[in-house]
Amino acid sequence: MKQYTPIPFKVESDWQAELMPGPAVWRWLVIVLGISLSLFHLYGAGIEPLGLFYQRGIHLMLILMLTFVLFGPKPGKPRGPIAMGVDFVFFVASTASGFYLVWFLDDIINRAGFWSDTDIIFAIICIVTVLEASRRAVGAGLTIIGTLAIAYALAGSRGDLPWLGEFLPGILNHRGYSLDRVAAQLYLGQEGIFGLPLGVAATFVFIFVLFGALLEVTGAGKFFIDLAYSATGTQRGGPAKAAVLASASMGSISGSAIANVVTTGAFTIPLMKKLGYKPAQAGGIEAAASTGGQIMPPLMGAGAFLMAEYTRLPYLEIVKVSVFPALLYFSTVYLFVHIIAVKQGLQPQTKSQLPNIRDVLARGWFFLVPLLLLVWLLVLGISPMRVGFYAIISIMAVAGLNGLWLALRRGQQNGQLATEVRGTLRNGGVKLLQGLELGARNAVSVSIACAVAGIVVGVVGLTGLGLKFSSMMIAFSGGNILLALLLVLVASLILGLGLPVTASYIVLIVLVGPALTNEFGIPLLIAHLVVFWYSQDSNVTPPVALAAFAGAAIAGSKTMETSVQAWKFAKGLYLIPLFMVFNPSIIMGGPVPLVLWNGFIAILALAAFAAALEGYLFGPMRNWMRALLSIGVVAIFYPNFVAEVAGVALMLVLLSINFINRPKVAPVAAAG
């Protein structure tokens, strides 16, 4: 029988590979800027905290400079003399706009509200530079939304674009503002580009992204994947279940669904196909599992940090209440995977084809130390930014000590101790620099997205658009909370066409958050969780399902077919937030019997829903059973305890019948 061979874990940042077409100077600039940015953040996180505008200003300046080196006017295509000239202009503009704010900060604060012409000029330069960086690094959709937000602020009778106000519906009309006023609001105020979204990206998020990058270059990614395989490989659909577990562990740290797909998916998708999953199913499973990484603590794709800032709740509290819903989501994906494996007669792998869990732990147990340290420090109440710093130091320490230990053993065996130690130190230094550079590159898109989201938030605050949007939402829903949540879902789908998840969450919570809490009485934390969960749907919902597209590319399947599969597997993304609203005790707490009851019916309803959707659980289900199961699922959301109990009883009876009538021999062919 074939023996298991560990798969080498690919490091995304390969300094020998070309980062982009062009002279070597571009590649070296990426390395220098990336390492400088990471060192700057390590200094601010663990040595000397910086002031608000100093931290955010220097962060954005370096991020923008890195963006215009990484991405040409047409990303991925060679840069001609004209393109290089354009890039140089934007590179200088990035440097100038950040340097001006930081260097003259005291003077700017002293003349607050009485801005000079130079202030406005640099404000306009910064806004244009941020929008162009967004077009290159994030996509045209977010850039268009940022531009439309600025145009909306200028529209109105007193604005610089009064004619545009004539096209706005009455409820969206406002007085309008001059270009100087809008530019000052977005560049010189605390509610614009340098507002809360960028503040979170420039502090907590960057440190944890850097932590994830260092875990990756030190081989922790391969360790977690091997650990997942060793735990699930002997079960039916083992590689697919390993994909779910590996994506939960890696995604909770990386905070990016797409990055999670291309890293863990590079191994899990081919193995799923080899086992018997259809290409679209394999890509869809990985996309759905990777999306769950964005709702899995501790990082949650920057969501936990943003929620902590917006709700003024401790970061640890956000993490604690998010664990159970995230586990529910992954359990649902896991159940879908199992059902498909049973339906299609997929057989488990043998132990000889899998990594041995003892060998895996023996090779990489020390990678658990930084994660345990991270959790322990958070429980102690230490600042998340400082916790991230200590976690980074710990991963460097354990990886370095392990490398030296292995070098000493090799040196004693071959009699070349000094050579082995020198080589290990050199390789360790290179990996450290690679991790610093990779962390900076991984933080580019989220930082740019947060900067543009800051533009939208600034315009919303300036024009009062948030209150107007809330009024529209109340009017359209007629005061019905279910319709209101449906409108939030639709809005998140529309925003997801052009915005990354983090930006979508920020914009959506600013627009609909006040209505959900003030008008519909949803607790503040639950309102934020609902909006954040719904903001994930752009990863798995057609027609724009970015994580599914990445999965399709690896699986060699059609993008729309893969997107539909991902959408099906990620159904918990829609049901669990509804459950939070109608059963808030699973988030807010309450009497123990009530919490246990709500937890039980949540698990039961998600299992019944998966069975109804697939037409299979312990065995095949007839259509009438699937219909009744769906009714039972709906009943638990009805605000009536009798209806809830009736729904639970109905689901238990139907699932019991399915268990009793299960086939004695596992099916060997696909069942639809």
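Please read all numbers here as calculations on a predicted model, not as lab measurements.

**Here's the deal with the overall build of the protein chain**
Here comes step 1: When helices and strands are counted, the protein chain shows 31 helices and zero strands.
Here comes step 2: Sorting the 672 residues of the protein chain into buried and exposed places 56% on the buried side.
Here comes step 3: A separation of at least 24 residues holds for 75% of the contacts in the protein chain among residues at least 6 apart in sequence.
Here comes step 4: Element-wise, carbon and sulfur atoms account for 68% of the exposed surface of the protein chain, whose accessible area totals about 27600 Å².

**Let's talk about the confidence of the model for the protein chain**
Here comes step 1: When pLDDT is averaged along the protein chain, the result is 79, and 86% of the positions lie at 70 or above.
Here comes step 2: Taken element by element, the protein chain is modelled with least confidence in helix α11 (residues 238-254), mean pLDDT 65, and with most confidence in helix α5 (residues 117-137), mean pLDDT 92.
Here comes step 3: Scored below 50 in pLDDT, residues 1-21 shows 58 contacts in the model against residues more than four places distant or in partner chains.

**Observations regarding unusual backbone geometry**
Here comes step 1: A positive phi angle is found at Arg-312, which is not glycine, with a value near 60°.
Here comes step 2: Tracing the backbone through its elements, the reader meets Arg-312 in the loop between α14 (303-311) and α15 (315-343).
Here comes step 3: Residue classification places Arg-312 among the exposed residues on the basis of a relative accessible area of 69%.

**Overview of empty space enclosed by the protein**
Here comes step 1: Inspection of the entire model under this criterion finds two cavities of 30 Å³ or more.
Here comes step 2: In this structure, the largest cavity encloses a volume near 70 Å³.
Here comes step 3: Along the walls of the largest cavity sit Leu-328, Leu-575, Ile-576, Phe-579, Ala-602, Ala-605, Leu-606, Val-633, Ile-636 and Phe-637, which together make up its complete lining.
Here comes step 4: Listing elements by their share of the lining of the largest cavity, those giving two or more residues are α27 (572-582) and α29 (592-614).
Here comes step 5: In terms of residue class, the lining of the largest cavity is built from ten nonpolar, no polar and no charged.

**Digging into the environment of Leu-371**
Here comes step 1: Within the secondary structure, Leu-371 is located in helix α17 (residues 368-379).
Here comes step 2: Overall, Leu-371 belongs to the partly exposed group, its relative accessible area being 21%.

**A word on the packing of helix α1 (residues 24-46) against helix α18 (residues 384-414)**
Here comes step 1: Between α1 and α18, whose axes approach to 8 Å, the crossing angle comes to 120°. On the basis of their axis angle, the class for α1 and α18 is oblique. In terms of crossing hand, the pair formed by α1 and α18 is left-handed. Taking contact as the criterion, the partners of Leu-42, Gly-44, Ala-45 and Gly-46 in α1 are, on α18, Met-385, Arg-386, Phe-389 and Ile-392.

**Things to note about the pattern of salt bridges**
Here comes step 1: Applying the stated rule across the entire model yields eight salt bridges.
Here comes step 2: The partner of Asp-87 in a salt bridge is Arg-136, with the nearest N and O atoms 2.6 Å apart. Placement of Asp-87 in helix α3 (residues 81-103) and of Arg-136 in helix α5 is noted, with a sequence separation of 49 residues between them. In this pair, the class of Asp-87 matches that of Arg-136, namely buried.
Here comes step 3: Residues participating in the shared-partner salt-bridge network are Asp-87, Glu-132, Arg-135 and Arg-136.

**Regarding the packing of aromatic side chains**
Here comes step 1: Inspection of the entire model under this criterion finds 18 aromatic pairs.
Here comes step 2: Both rings, one in Trp-597 and one in Phe-641, keep their centres 6.2 Å apart while their planes meet at 55°; by these two values the pair is tilted. Of the two residues, Trp-597 is situated in helix α29 and Phe-641 in helix α31 (residues 641-660); the sequence distance between them amounts to 44 residues.
Here comes step 3: Taking relative accessible area as the criterion, Trp-597 reaches 25% and is therefore assigned partly exposed.
Here comes step 4: What links up through ring pairs into an aromatic cluster is the set Phe-223, Trp-365, Phe-366 and Phe-367.
Here comes step 5: Of note, Lys-571 hangs over the ring of Trp-567, and the distance from its end group to the ring centre comes to 3.1 Å.

**Examining the environment of Leu-131**
Here comes step 1: With respect to the secondary-structure elements, Leu-131 resides in helix α5.
Here comes step 2: For Leu-131, a relative accessible area of 12% gives the class buried.
Here comes step 3: In the structure, Leu-131 is positioned 318 residues away from Ala-449 in sequence and 9.7 Å away in space, judged by C-alpha atoms.
Here comes step 4: In contact with Leu-131, other than residues within four places in its own chain, are Thr-143, Gly-146, Thr-147, Ile-150 and Ile-455.

What counts and what doesn't
Counting of residues starts from 1 at the beginning of each chain's written sequence and follows it residue by residue. Residue-level local features of this predicted model are given only where pLDDT is at least 70; pairs of side-chain atoms are given and counted only at 80 or more, and the full residue set underlies all totals for whole chains, interfaces and linings. Calculated side-chain values reflect all of the structure's heavy atoms, with hydrogen atoms and water omitted. Segments assigned H or I by DSSP are reported as helices when at least four residues long, segments assigned E as strands when at least two residues long, and all are numbered from the N terminus. Residue exposure (1.4 Å probe, protein chains only): buried if accessible area is under 20% of the type maximum, exposed if over 50%, otherwise partly exposed. Between two residues, a contact is recorded if the distance between any of their heavy atoms is within 4.5 Å. Throughout, the Shrake-Rupley method with a 1.4 Å probe supplies accessible areas, and for residues the shown protein chains are the sole cover considered. A residue's pLDDT is the confidence the predictor assigns to it, expressed on a 0 to 100 scale. For cavity detection a 1 Å grid was placed over the protein atoms alone, and a set of points counts as a cavity when a 1.4 Å probe fits there but cannot get out; an open set counts as a pocket when protein lies on both sides within 12 Å along at least five of seven lines, with lining residues being those that have an atom within 4 Å of a point. Grid points are joined across faces, edges and corners, and a volume is the space filled by probe spheres set on the points. The residue classification treats Ala, Val, Leu, Ile, Met, Phe, Trp, Tyr, Cys and Pro as nonpolar and Asp, Glu, Lys and Arg as charged. All others, Gly included, are polar. Where helices are involved, their axes are fitted lines through C-alpha atoms of the stretch in contact, as for all axes, and angles between N-to-C directions lie from 0 to 180°. Note that the term roughly parallel is reserved for angles under 35 degrees, roughly antiparallel for angles over 145, roughly perpendicular for angles of 65 to 115, and oblique for everything else. Note: crossing handedness is left-handed where the near helix turns anticlockwise from the far helix by less than a right angle, and right-handed where it turns clockwise. By definition, a salt bridge exists where a carboxyl oxygen of Asp or Glu is found within 4 Å of a side-chain nitrogen of Lys or Arg. Stacked, edge-to-face and tilted labels apply to pairs of Phe, Tyr and Trp rings (six-membered ring for Trp) whose centres lie within 6.5 Å, assigned for plane angles under 30 degrees, over 60, and everything in between, in that order. In this scheme, the term charge over a ring applies when either NZ of a lysine or CZ of an arginine sits within 6 Å of the ring centre and within 35 degrees of the ring normal.

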